Amino acid sequence: MSSSCIRCKRVSACPLIPVNDSFLLPQQIQKGVDLIYQGSVIAIPTDTVYGLACAAQNQSAIEKLYKIKGRDLNKPLAICVGNVEAVSHWGKVSSLPSGLLNSLLPGPVTVVLERTERLNPKLNPNLNKVGIRVPDSKFVLGLCNKLKEPLALTSANASNEPSCLAPEEFQYLWHHLSAVFELGTIGDITSPRVGSTVVDLCVPGRYRILRSGSALESTKAILEHFEVEQDVPNCVDSVSMGY
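Computed from a predicted structure; not experimentally measured.

Quick look at the environment of E161
Inspection of the secondary structure puts E161 in the loop between β8 (151–155) and β9 (179–182). Separated by 92 residues in the primary sequence, E161 and K69 place their C-alpha atoms 9.9 Å from one another.

Shown next as structure tokens:
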């Protein structure tokens, strides 16, 4: 085997592909890109928990993701992009204070914005909003930047089951996936499994926390620094919101 080849071990017909956020190989990124372009669903490590991802603009891949997760079709999916500048391609940002998104992202925050017409109209079809992530993960950002289109992203677990910090925790899904990109355990096994903080920024000058997540206090501090006021003091049930 050439030293440039991706080494992977195959379990239950699903390749486990080791990745290292400190030293990314172009072949690892390209493998993920190829699978996404083929309409596959893959597992990826984010900055909070492991996620299931596919092309947001590919409706058959979206349907496959919902089926694998056993997810209610009425629950929306967030999307993931490779840099802060790409957020405006898929969500409307003109009413946001200059510099706000760069202060929040990349990081464990999902910003909910009015969607643009460029986004797949069959993704979350009954909503005029979309949650957008720019995770603090070199692998995920590299994958999205190489794709030049968004990933649909949700946690790597069956619906209503706990989020996962290690690939072995969602091994029951492996045989449905085309690959698991493996970074070992995210944080440590006792870390909170709460995912990203979800904040709705659709109303100019105001914000609404939809899920507390892992970065609540820092997110609120940044929003208040930019003089964005809290709209509703209580969090909305994150299960009902779906992100």
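That was the structure; now back to the text.
Section: helix α5 (residues 138–147)
The set of residues buried in α5 consists of F139, V140, L141, L143, C144 and L147. Those residues of α5 hidden inside the fold are in contact with α1 (26–37), β3 (42–45), β5 (78–80), β8 and β9.

A short note on the packing of α1 against α5
Angle between the axes and distance between the axes are the two parameters that describe a pair of packed helices. Running from N to C, α1 and α5 cross one another at 55 degrees; their axes reach a closest spacing of 9 Å. Looking at the two axes, α1 sits oblique to α5. Our pair here, α1 against α5, has a crossing hand that is right-handed. Between α1 and α5, the residues in contact are Q28, I29, Q30, G32, V33, I36 and Y37 and F139, G142, L143, K146 and L147, respectively. Taken together, the residues that form the contact of α1 with α5 break down as seven nonpolar, four polar and one charged.

Things to note about the environment of G99
Its location among the elements puts G99 in the loop between α3 (87–90) and α4 (100–104). Along the backbone, G99 and F226 are 127 residues apart, and their C-alpha atoms lie at a distance of 8.5 Å.

Digging into unusual backbone geometry
Glycine aside, the phi torsion of most residues is negative, and most peptide linkages are trans. The linkage connecting L105 with the following residue, P106, adopts the cis geometry, with an omega of -5 degrees. Mapped onto the elements of the fold, P106 is located in the loop between α4 and β6 (109–114).

Rules used in this analysis
- Residues numbered from 1 in each chain as written.
- Predicted model: local features only at pLDDT ≥ 70, side-chain atom pairs only at ≥ 80, totals over all residues.
- Heavy atoms only, no water.
- Helix = DSSP H or I, 4+ residues; strand = E, 2+ residues; numbered from the N terminus.
- Buried < 20%, exposed > 50% of the residue type's maximum accessible area, 1.4 Å probe, protein only.
- Contact = heavy atoms within 4.5 Å.
- Axes fitted to C-alpha atoms, helices over the stretch in contact; angles between N-to-C directions.
- Parallel < 35°, antiparallel > 145°, perpendicular 65-115°, else oblique.
- Left-handed = near helix turned anticlockwise from the far one by under 90°.
- Nonpolar A, V, L, I, M, F, W, Y, C, P; charged D, E, K, R; others polar.

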